[in-house]
Amino acid sequence: MIPADLAVVGISELATPEGRSARTGPDLGRLRTIRDAGIAVRDGAIVFVGSERELREAVEVPPGDATIDARGGTVVPGFVDAHTHLPFAGWREQEFARRLMGATYAEIAAEGGGILSTVAATRRASRDELIALASERLDAMLAAGTTLAEAKSGYGLDLANEIKQLEAIRIAASGHPLRVVPTFLGAHTVPAERRADRGRYLDELVGTMIPEIVGRRLAVYADAFVDARAFSIAEARRVLGAAREAGLGVRLHADQLADDGAAALAAELGAASADHLEHVSGGGIEALAGAGTVAILLPAARLFLMQEAKPPARRLIDAGVPVALATDFNPGTAPCEAMGPTLELASLTLGLSVDEALTAATLNAAHALGLAGETGSIEVGKRADFVVHAVPNRHHLVYRFGVRRVETVVAGGRVAIRRGVRAPRDRT
Ligand SMILES: [Zn+2]
């Protein structure tokens, strides 16, 4: 008999992609599904996945609370949110109200709104305030079924404030059931005080900020925003090239508002991901496919910006580009930390099947963070990160859009959310 310290039974349907790297092309929507399933966990790892009948024959089912009855719910892997701007201060609801009345993003930015208003609020916030804000948001993400997320700095835009943001990420994440991968986004935009001398800001990024952040081990990745209002291809190449040499992985905000050739730069740099891609060119798609760079699509940001252009999801999939999904959680263009709406929009506006969206939001997103060998699917040997949704099968996750039915979240083998509420912290 297989010993277990946690088991889940009463599962109407279990649905998961399989593998230790991203699924592409026709494999994107190929899931393993099991009716009347059971899962067993020991020491944080999955030790059994199969039918409940097989589980009862093969596993020593633990007593009491350690065996969870899913009550006919559906189990899928914990969502992986591969692109968030977690540690910021200050919401921008007034700007949103103005946009609804017809103000453009450019007009709002010219009046001091946009990213720079979040930079000002984040600089004013203390590290403790940012930790509290980030912790609250991690709780909300976890309750919505996310068990792994990336988190970017990029609202500090000077050494002290970028370090403050990255330390806030580290401290908020330490001991939190939701695992966090930190990214340094000093190349988000040029701060107001350097607009007259952007060369000096680039020198600071490369000469001071990257070495200091690497020295303090505060980030795993570096990111840059290639855009007419942010950084050129040549500037991003310089910053991310330096980051890569210093030992960081790289990712890019690419081709969101125009075809800047950023997807090709991502491929050239061997980036882990190129994100957004509403305006990616055919050549950019080919380059991503050749490099194995993950295309992270952010349909909530597109919705919120009321953007016409769509990322060519089907062309990316057909070309063999690994496709993942993320929220882009941030106060200006995607103030939604839950992955549910992102899956719904991926299906309803970008044309992914429910099964493709599930793989993109779990295994492929984990691959984009370099962690597909450990998590992102429900398989023996992987970290036990999975969620019971109170729906009869996976299709209901998208089909009954707008309603959240997260019942139980298991993160790292521990029950983090039980019956929809945060479980008391286990002994550690
Ligand atoms: Zn972003």
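See the structure shown above.
Quick caveat: nothing in here was measured; it's all calculated off a predicted structure.

Caption draft 1: View of the overall build of the chain. Along the chain, the regular secondary structure elements total 16 helices and 18 strands. Taking 2.2 N^0.38 as the reference for a compact globule, 428 residues should give roughly 22 Å; the C-alpha atoms of the chain span a radius of gyration of 21 Å, in line with that estimate. Among the 428 residues that make up the chain, the fraction classed as buried is 59%. A sequence separation of at least 24 residues applies to 73% of the contacts in the chain between residues at least 6 apart. Summing over all exposed atoms, the chain offers an accessible surface of approximately 15900 Å²; the carbon and sulfur share of this is 52%. In the chain, the 47 positive side-chain charges and the 53 negative ones have mean positions that sit 2 Å from each other.

Caption draft 2: Quick look at the coordination of the zinc ion. For the zinc ion, the full set of protein donor atoms is H83 (NE2), H85 (NE2), H253 (NE2) and D328 (OD), and the range of their distances to it is 2.1 to 2.4 Å. The coordination sphere of the zinc ion comprises four donor atoms, whose angles at the metal cover 81 to 166°; the geometry is irregular. Within one chain, the residues donating to the zinc ion are spaced in sequence as H-x1-H-x167-H-x74-D. With H83 in the loop between β7 (79-81) and α2 (93-100) and H253 in strand β11 (residues 249-254), this pair connects stretches of sequence that are 170 residues apart.

Caption draft 3: Spatial organisation of the sheet that holds β11. The eight strands lie next to each other as β7-β8-β9-β10-β11-β12-β13-β14, forming an open sheet whose pairing is parallel. Each of the sheet's edge strands pairs with one partner strand only, and the pair in question is β7 and β14 (323-325). Along the sheet, successive strands turn relative to each other by an average axial angle of 25°, direction set aside. Taken together, the three bridges between strand β12 (residues 273-276) and strand β13 (residues 294-297) define a ladder with parallel strand orientation. Counted as the bridge partner of A274 is A295 from β13.

Caption draft 4: Spatial organisation of empty space enclosed by the protein. One pass over the full model with this rule turns up one cavity of 30 Å³ or more. Of the pockets and cavities examined, the largest cavity occupies roughly 170 Å³. Those elements giving two or more residues to the lining of the largest cavity turn out to be α13 (340-348) and α16 (396-399). With three residues, the top contributor of residues to the lining of the largest cavity is α16. When grouped by side-chain class, the residues that make up the lining of the largest cavity number eight nonpolar, three polar and three charged.

Caption draft 5: Just the sheet that holds strand β6 (residues 67-77), in detail. An order of β4-β3-β2-β6-β15-β16-β17-β18 is seen for the eight strands of this open sheet, with the pairing classed as mixed. Edge positions in the open sheet fall to β4 (45-51) and β18 (421-422), since each of these has one partner strand only. Looking at chain direction, β6 and strand β15 (residues 386-389) are connected through four bridges and run antiparallel. Looking at β15, one finds that T74 is bridged to H389. The sheet strands contacting helix α5 (residues 127-143) are β16 (406-411), β17 (414-418) and β18, and the helix crosses β17 at an angle near 90°.

Caption draft 6: Region of interest: the packing of aromatic side chains. Under the criterion given, the structure shown has five aromatic pairs. Taking the centre distance of 6.3 Å and the plane angle of 80° together, the rings of F88 and Y155 count as edge-to-face. Of this pair, F88 sits in the loop between β7 and α2 while Y155 sits in the loop between β8 (146-152) and α6 (159-173), and the two are 67 residues apart along the sequence. On the accessibility criterion, F88 (0% relative accessible area) is buried. Site record: aromatic cluster; members linked through ring pairs are F88, W91, Y155 and F329. The lysine or arginine in question, R137, covers the ring of F88, its NZ or CZ lying 3.8 Å from the ring centre. Cation over ring: R251 sits above Y221, and NZ or CZ is 4.4 Å from the ring centre.

Caption draft 7: Up close: the pairing of β11. For β11, the buried fraction is high: five of the six residues fall into the buried class. In this structure, strand β10 (residues 221-225) lies alongside β11, joined through five bridges in parallel fashion. The residue bridging A224 from the neighbouring strand is L252, located in β11. A crossover links β10 with its parallel partner β11, the connecting element being helix α8 (residues 233-245), and its sense is right-handed. As paired strands, β11 and β12 are joined by four bridges and run parallel to one another. When the bridges of β12 are listed, A254 appears paired with H276.

Reading the values: rules and limits
Residues numbered from 1 in each chain as written. Predicted model: local features only at pLDDT ≥ 70, side-chain atom pairs only at ≥ 80, totals over all residues. Heavy atoms only, no water. Helix = DSSP H or I, 4+ residues; strand = E, 2+ residues; numbered from the N terminus. Rg over C-alpha atoms; globule rule 2.2 N^0.38 Å. Buried < 20%, exposed > 50% of the residue type's maximum accessible area, 1.4 Å probe, protein only. Contact = heavy atoms within 4.5 Å. Areas by Shrake-Rupley, 256 points an atom, 1.4 Å probe, with all protein chains shown as cover. Lys, Arg positive; Asp, Glu negative; His and termini not counted. Charge placed at Lys NZ, Arg CZ, Asp CG, Glu CD. Donors = N, O, S within 2.8 Å, 3.2 Å for Na, K, Ca; no water. Tetrahedral: all angles 85-135°; square planar, octahedral: opposite > 155°, others 65-115°. Pairing = 2+ DSSP bridges. Axes fitted to C-alpha atoms, helices over the stretch in contact; angles between N-to-C directions. 1 Å grid on protein atoms, 1.4 Å probe; cavity = no way out; pocket = protein on both sides within 12 Å on 5 of 7 lines; lining within 4 Å. Points joined across faces, edges and corners; volume = space filled by probe spheres on them. Nonpolar A, V, L, I, M, F, W, Y, C, P; charged D, E, K, R; others polar. Phe/Tyr/Trp six-rings, centres within 6.5 Å; stacked < 30°, edge-to-face > 60°. Lys NZ or Arg CZ within 6 Å of the ring centre and 35° of its normal. Right-handed = clockwise from strand over helix to strand, strands pointing away.

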